[in-house]
Amino acid sequence: MKKYRSILLFGAPGAGKGTQGKILGVIPNFFHCACGDVFRNLRADSPLGKIFIDYSGRGQLVPDEPTIELWRQSIENNTKVGRFHPGQDTLVLDGIPRNVRQAEILKDTLNVVAVFLLKSADEKKLINRIQRRAIKENRLDDANLDVIRDRLHVYKNETKPVLNFYGKKVVHQINADQSPAKVLADILHIAAKK
């Protein structure tokens, strides 16, 4: 099986991964896949939809197997309908892999050429962004302060170790506290060389 050329957007909840992913996704030869959006687009009464609502409502990660299964289905569907062209597009991933086990499962699927770590020094700013997003995008899982704190905790304990899995050569720290345009410029400056 051919590996998908990929760049990963990494960072704590509220760091701006989704914003950057959406912008990169409109640039030719980039295809953005946000795992959270794939889950949020599930029907609430579907088996995977129920699993997502149960876990996200508590600020927890959906188990690895359904996450990977859903992600693979989404990529296959986008390939079939001609939105994603694996031979020429770079996959921009946001929200997957979320832990080291997922990275292990996907190691034969993804050729990760860069990991962009959007880093914020201000946790209050992250919480404010998440709460604003909850209102703007009707994301109920982002409205509760306890859930937000749980998500930040899960990021530190489960997701951050994925950076070590890929190694320092491909990880690029980006200051997430600057304007979205400057964050994008920093990402593109590096991505253009990959």
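For clarity, every value in this text was computed on a predicted model and none was experimentally measured.

The rules behind the values
- Residues numbered from 1 in each chain as written.
- Predicted model: local features only at pLDDT ≥ 70, side-chain atom pairs only at ≥ 80, totals over all residues.
- Heavy atoms only, no water.
- Helix = DSSP H or I, 4+ residues; strand = E, 2+ residues; numbered from the N terminus.
- Rg over C-alpha atoms; globule rule 2.2 N^0.38 Å.
- Buried < 20%, exposed > 50% of the residue type's maximum accessible area, 1.4 Å probe, protein only.
- Contact = heavy atoms within 4.5 Å.
- Areas by Shrake-Rupley, 256 points an atom, 1.4 Å probe, with all protein chains shown as cover.
- Lys, Arg positive; Asp, Glu negative; His and termini not counted.
- Charge placed at Lys NZ, Arg CZ, Asp CG, Glu CD.
- Pairing = 2+ DSSP bridges.
- Expected span 1.5 Å × (residues − 1).
- Arc of directions from axis to C-beta.
- Polar contact = N/O pair within 3.5 Å; in protein donor to acceptor, adjacent residues only side chain to side chain.
- Salt bridge = Lys/Arg side-chain N within 4 Å of Asp/Glu carboxyl O.

**Brief notes about the overall build of the protein chain**
Here's step 1: Within the protein chain, the secondary structure is distributed over 9 helices and 5 strands.
Here's step 2: When the helices and strands of the protein chain are listed from N to C terminus, the series reads β-α-β-α-α-α-β-α-β-α-α-α-β-α.
Here's step 3: Against the compact-globule benchmark of 16 Å for 194 residues, the protein chain has a radius of gyration of 16 Å, which places it among compact chains.
Here's step 4: If one aligns the C-alpha atoms of the protein chain with their principal axes, the spans along those axes are about 40 × 40 × 30 Å.
Here's step 5: A total of 194 residues make up the protein chain; the buried ones form 48% of that total.
Here's step 6: Look at the contacts in the protein chain between residues 6 or more apart in sequence, and 76% of them connect residues 24 or more apart.
Here's step 7: Approximately 10300 Å² of the protein chain is accessible, and the part contributed by carbon and sulfur atoms is 52%.
Here's step 8: With 32 positive and 21 negative side-chain charges, the protein chain shows a spacing of 6 Å between the two charge centroids.

**Focus on the pairing of strand S2 (residues 30-34)**
Here's step 1: Counting buried residues along S2, 5 of its 5 residues qualify, which places the element largely inside the surrounding structure.
Here's step 2: Pairing between S2 and strand S3 (residues 90-94): 5 bridges, direction parallel. Bridging from a neighbouring strand, Ala 34 pairs with Asp 94 of S3.

**Considerations on helix H6 (residues 123-136)**
For an α-helix, 3.6 residues make a turn, and residues three or four places apart therefore share a direction.
Here's step 1: The terminal C-alpha atoms of H6, which comprises 14 residues, lie 20 Å apart, in line with the 20 Å expected from a rise of 1.5 Å per residue.
Here's step 2: Regarding H6, the residues found buried are Leu 126, Ile 127, Ile 130, Arg 133 and Ala 134. On an axial view of H6, the arc spanned by its buried residues comes to 125 degrees, and they lie on one face. Exposed side of H6, more than 90 degrees from the buried face: Lys 124, Arg 132, Ile 135 and Lys 136 are the residues found there.
Here's step 3: Contacts from the buried residues of H6 go to helix H7 (145-159).
Here's step 4: The N-capping residue of H6, defined by a side-chain oxygen 3.1 Å from the backbone nitrogen of Lys 124, is Asp 122.

**Section: the side chain of His 32**
Here's step 1: Structurally, the position occupied by His 32 is in strand S2.
Here's step 2: Residue classification places His 32 among the buried residues on the basis of a relative accessible area of 16%.
Here's step 3: Side-chain polar atoms of His 32 contact the backbone oxygen of Gly 21, separated by 3.5 Å.
Here's step 4: A polar contact of 3.4 Å, which involves the side chain of His 32, links it to the side chain of Asp 94.
Here's step 5: In this view, His 32 contacts Gly 18, Gly 21, Lys 22, Gly 25, Val 92 and Asp 94; residues no more than four positions away in its chain are not counted.

**What about the side chain of His 172?**
Here's step 1: In this structure, His 172 sits in strand S5 (residues 171-175).
Here's step 2: At 3.5 Å, the side chain of His 172 forms a polar contact with the backbone oxygen of Val 170.
Here's step 3: Dropping the residues within four chain positions of it, His 172 is found in contact with Ala 114, Val 115, Phe 116, Leu 117, Ile 190 and Lys 194.

**Some remarks on the pattern of salt bridges**
Here's step 1: Counted by the stated rule, this structure contains 4 salt bridges.
Here's step 2: In this structure, the salt-bridge partner of Arg 101 is Glu 65, at a minimum N-O distance of 2.6 Å. Taken together, the residues span a long stretch of sequence, with Arg 101 in helix H5 (residues 100-105) and Glu 65 in helix H4 (residues 64-80) at a distance of 36 residues.
Here's step 3: Accessibility expressed as a relative area gives 43% for Arg 101, which makes it partly exposed.
Here's step 4: The residue Glu 104 makes a salt bridge to Lys 107 at a minimum N-O spacing of 3.1 Å.
Here's step 5: For Glu 104, a relative accessible area of 37% corresponds to the partly exposed category.

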